[in-house]
Structures are given as structure tokens and as C-alpha cells.
Amino acid sequence: MTWLLVAGFAISSSIDNFGVGLSYGVQRVRIPALSNLLITVICFAFSLIGIISGVWLAELLPGMLPDLVAFAVLSIIGLRIMVISLSQQKKKDNGVLNEPEKMDFDGSSHISLGEALLLGVALSANALTNGVGAGLLELSPLAIALSAAVGSYLTLWIGVALGVKLTGLRIGKMSVGQFGTFMSGVIILLIAFTRLF
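Residues numbered from 1 in each chain as written. Predicted model: local features only at pLDDT ≥ 70, side-chain atom pairs only at ≥ 80, totals over all residues. Heavy atoms only, no water.

Quick look at the overall build of the chain
- Broken down by element type, the chain carries seven helices and two strands.
- What you see in the chain, going N to C, is helices and strands ordered as α-α-α-α-α-α-β-β-α.
- Burial status across the chain gives 45% buried among its 197 residues.
- Residue pairs in contact within the chain that sit at least 24 positions apart in sequence constitute 89% of those at least 6 positions apart.
- As displayed, the chain has an accessible area near 9,600 Å², and 74% of this comes from carbon and sulfur atoms. (Helix = DSSP H or I, 4+ residues; strand = E, 2+ residues; numbered from the N terminus. Buried < 20%, exposed > 50% of the residue type's maximum accessible area, 1.4 Å probe, protein only. Contact = heavy atoms within 4.5 Å. Areas by Shrake-Rupley, 256 points an atom, 1.4 Å probe, with all protein chains shown as cover.)

A look at helix α3 (residues 65-87)
- The terminal C-alpha atoms of α3 lie 33 Å apart, and with 23 residues this matches the ideal 33 Å at 1.5 Å per residue to within 8%.
- Those residues of α3 not exposed but buried are Pro66, Ala70, Leu74, Ser75, Ile77, Gly78, Ile81, Met82 and Ser85. (Expected span 1.5 Å × (residues − 1).)

Describing the packing of aromatic side chains
- Inspection of every chain in the model, using the stated rule, returns one aromatic pair.
- Between phenylalanine 71 and phenylalanine 193, the ring centres sit 5.4 Å apart and the planes meet at 70°, which makes this aromatic pair edge-to-face. Taken together, the residues phenylalanine 71 in helix α3 and phenylalanine 193 in helix α7 (residues 176-194) connect sequence positions 122 residues apart. (Phe/Tyr/Trp six-rings, centres within 6.5 Å; stacked < 30°, edge-to-face > 60°.)

Things to note about a nonpolar patch on the surface
- On the surface, Met64, Leu65, Leu68, Phe193 and Leu196 cluster together to form a nonpolar patch covering roughly 460 Å² of accessible area.
- Structurally, leucine 65 can be placed in helix α3. (Patch = residues over 30% accessible without salt bridge, like charges linked within 9 Å, V, L, I, M, F, W, Y side chains within 5 Å. Salt bridge = Lys/Arg side-chain N within 4 Å of Asp/Glu carboxyl O.)

Overview of the side chain of serine 12
- As for its position among the elements, serine 12 is in helix α1 (residues 2-26).
- A residue is classified by how much of its surface remains accessible, and serine 12, at 0% relative accessible area, is buried.

Brief notes about α1
- With 25 residues, α1 should cover 36 Å at 1.5 Å per step; its first-to-last C-alpha distance of 36 Å lies within 8% of that length.
- Of all the bends in α1, the largest measures some 40° and sits at serine 14.
- Burial of α1 is extensive: 19 of the 25 residues sit out of reach of the surface.
- Just downstream of α1 lies arginine 28, where phi reads positive at about 60°. (Bend = angle between axes of the 7 residues up to and from the residue.)

Remarks on the packing of helix α2 (residues 33-60) against helix α4 (residues 113-123)
- As a packed pair, α2 and α4 sit with axes 8 Å apart at the nearest point and diverge in direction by 35°. For the pair α2 and α4, the sense of crossing is right-handed. Contacts from Leu34, Ser35, Leu38, Ile39, Ile42 and Phe46 in α2 reach Leu113, Ala116, Leu117, Leu119, Gly120, Val121 and Leu123 in α4.
- Residue classes in the contact of α2 with α4 are distributed as eleven nonpolar, two polar and no charged. (Axes fitted to C-alpha atoms, helices over the stretch in contact; angles between N-to-C directions. Left-handed = near helix turned anticlockwise from the far one by under 90°. Nonpolar A, V, L, I, M, F, W, Y, C, P; charged D, E, K, R; others polar.)

As for the packing of α2 against helix α5 (residues 125-136)
- Axis separation between α2 and α5 bottoms out at 6 Å; the angle between their running directions is 35°. Note on packing geometry: the crossing formed by α2 with α5 is right-handed. Side by side, α2 and α5 meet where Cys43, Phe46, Ser47, Ile49, Gly50, Ile51, Ser53, Gly54, Val55, Leu57 and Ala58 of the first sit next to Ala127, Leu128, Gly131, Val132, Ala134, Gly135 and Leu136 of the second.
- Its residues assigned to classes, the contact of α2 with α5 comprises twelve nonpolar, six polar and no charged.

Structure, rendered in C-alpha cells:
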């Protein structure tokens, strides 16, 4: 069961990377391996900070309170992610995650290390908040941070590679990226409900 939770957190933390990668692939913007690696390191650091904070909170809270707080925090995060993905259908301008091409400041059609630094911070917000929840569940900090980092690298790379082929693909009324974000919220909600049993 523990590895399922770790995998769930890894998928949820890096699903936005897949959507951003798809967008870059469609627009023929390349993410060099070194830039992707920098984004991965940032994701690892944010995950670790979140997990350490969650573990610290779990140690402060008595009895079953860490499980109840984890349930509440993860439920809020999951619902928030789902609402954001649904609201992206209505809004055209939703910042970096909706229009990642804005991060290619110099218009060079590839993401430099400086641009990767900013993109990494923007993409690692889920890793930070998910890390707090994972820490409250007392999951292995190294397993969560490494799986989130590897997931980040792979989903961004695969997203860019598939971007050209999936241009315009929709799942219902959602783009592939929006659907992925919505499913990230569903995964976090499922993890939250495991704390009640």
C-alpha cells in the first residue's frame, strides 16, 4: 500500500509537467536535457521541504490528529486542483501552466537554464503541497522526493515528445493537459480517503 501512495503522490506532483510538455511540443519549443534536469532538482527540493514540514507537523500533533489533518489538507489540495482544472475551460489566460510558452522569454524555441529555473519553481508548487501531505502520512521523504523528481523529468520529456502528435486532442470538453490536472486532484482525494480507513 505504501508504494501505491508514493506512486500516487509522484503522479499528482508531476502531472502538470506533462500538460506543459504537451504545450511546448505543439509549439515546437524544446526543453534541453540540462534544463529539464534543473526543473527536476527544483521539484526534488520542493518535495523534500514539504515532506520535512509535514513530518514536523505529524510529530507535534497527538494521536490520530496527524491522520485527520492529512485527510483535511489532502482533500483541500485535491478539490482545489480539480476546481482549477475545471475553471481553465472558461479562462483563456491562466498564467504559466495554461500558457507555458510565456516562459520562453527570448523566443528561441528552447528553454534556457534561466527560463528553466523559473519554470521549475512554477511547476513545483504541487510537489511542495503534496510533500506536506506525504509528511503528515509519515511516508519516506527520500522515496517521495525521488519519485516526484523522476516523475517530473519523465512527464515533461514525454509531454514534449507527444505534443506534436496530440495537437487539438480533447477528452470531453477538456484538453489533455486539463484532464491530467483534474485526474491529479482525483488521485490526491483518493489518497486523502485512505487516511479514514
